[in-house]
Amino acid sequence: MRNAAKKRWGIGTPFSGGVIVSITYFYIDPPPDVDNITKPILDAMKGLIYIDDRQVSDLVCRKRDLNSNLQIQNPSALLSTRLGDSGQFLYINIRDASSQEVLP
């Protein structure tokens, strides 16, 4: 997981502020429990994307069956490409949490 993150985000200075992390696990086989998906991902990004996972102020984790009727509005180019491939994958979005917004 860490190598995939390095490849995608490159090597630079880890973000030092608060972050919002959204993880979607697109699966074919029975997936792990949703609470077991996040920990290894957050740990793999420590020191690479952010300094420490204590910076994560918001975390959303979803799992979606690729064999179901998925409804995805405005997918990014990367997500569209991965959805066209076969096989399971993770889609991770990390953004600045400086606004400290409260969502419904």
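What you are looking at is a predicted structure, and each value in this text was computed from that prediction instead of being measured. All residue numbers here refer to positions counted from 1 along the written sequence of the relevant chain. pLDDT decides what is reported in this predicted model: residues at 70 or higher carry local features, side-chain atom pairs at 80 or more are listed and counted, and totals for whole chains, interfaces and linings draw on all residues regardless. Side-chain figures throughout are based on the complete set of non-hydrogen atoms in the structure, without hydrogens or water.

*Asks:* Is there a simple way to explain the sheet that holds strand E2 (residues 56-65) in this structure?
*Replies:* By definition, the strands of a sheet pair up through backbone hydrogen bonds, in either a parallel or an antiparallel sense. Across the sheet, 3 strands lie side by side as E2-E1-E3; this open sheet has mixed pairing. Looking at strand neighbours, the two that pair on one side only are E2 and strand E3 (89-96), the edges of this open sheet. Neighbour to neighbour, the strand axes of the sheet diverge by 10° on average, direction disregarded. Looking at chain direction, strand E1 (residues 19-27) and E2 are connected through 9 bridges and run parallel. Opposite Tyr25, over in E2, you have Lys63 as the bridge partner. Packing of helix H2 (residues 34-45) onto the sheet brings it into contact with E1, E2 and E3, and relative to E2 it is tilted by some 125°. Note on pairing: DSSP must find at least two bridges between two strands before they are called paired. Helix and strand labels come from DSSP, where a helix needs a run of H or I of at least four residues and a strand needs a run of E of at least two; each type is numbered from the N terminus. To get an axis, fit a line to the C-alpha atoms, keeping to the stretch in contact for a helix; angles then go from 0 to 180 degrees between the N-to-C directions. Any pair of residues with heavy atoms lying within 4.5 Å of one another is described as a contacting pair.

*Asks:* Explain the packing of aromatic side chains here, please?
*Replies:* The geometry of an aromatic ring pair comes down to the distance between the two centres and the angle between the two planes. Pairing of aromatic rings covers Phe, Tyr and Trp, the last counted by its six-membered ring, and requires centre-to-centre distances within 6.5 Å; plane angles under 30 degrees mean stacked, over 60 mean edge-to-face, and any other angle means tilted. In this structure the tally under the stated criterion is 2 aromatic pairs. Seen from their ring centres, Tyr25 and Tyr27 are 6.2 Å apart, and the 25° between their planes marks the pair as stacked. Take Tyr25: its relative accessible area is 15%, and that puts it in the buried class. Ring centres of Phe26 and Phe89 lie 4.7 Å apart, and the angle between their planes is 20°; on these two criteria the pair is classed as stacked. Taken together, the residues Phe26 in strand E1 and Phe89 in strand E3 connect sequence positions 63 residues apart. In this pair, the class of Phe26 matches that of Phe89, namely buried. Three exposure classes are used, based on accessible area relative to the maximum for each residue type with a 1.4 Å probe and protein chains only: buried under 20%, partly exposed in between, and exposed over 50%.

*Asks:* I keep staring at the nonpolar core and nothing clicks. Help me out?
*Replies:* Generally speaking, a soluble globular protein has its nonpolar side chains buried in company with each other. Within the largest apolar cluster, 14 residues are counted, with the highest numbers of intra-cluster contacts made by Val21, Leu42, Met45, Tyr50 and Val56. Only E1 and H2 provide two or more residues apiece to this core. A total of 5 residues in this core trace back to one element, the largest contributor, which is E1. Discounting chain neighbours no more than four positions away, the residues touching Met45 are Arg2, Trp9, Val21, Tyr50, Ile92 and Ile94. The definition of a nonpolar core used throughout is a set of buried Ala, Val, Leu, Ile, Met, Phe, Trp, Tyr and Cys residues joined through side-chain atoms within 4.5 Å.

No statement about biological role is implied by the geometric values presented.
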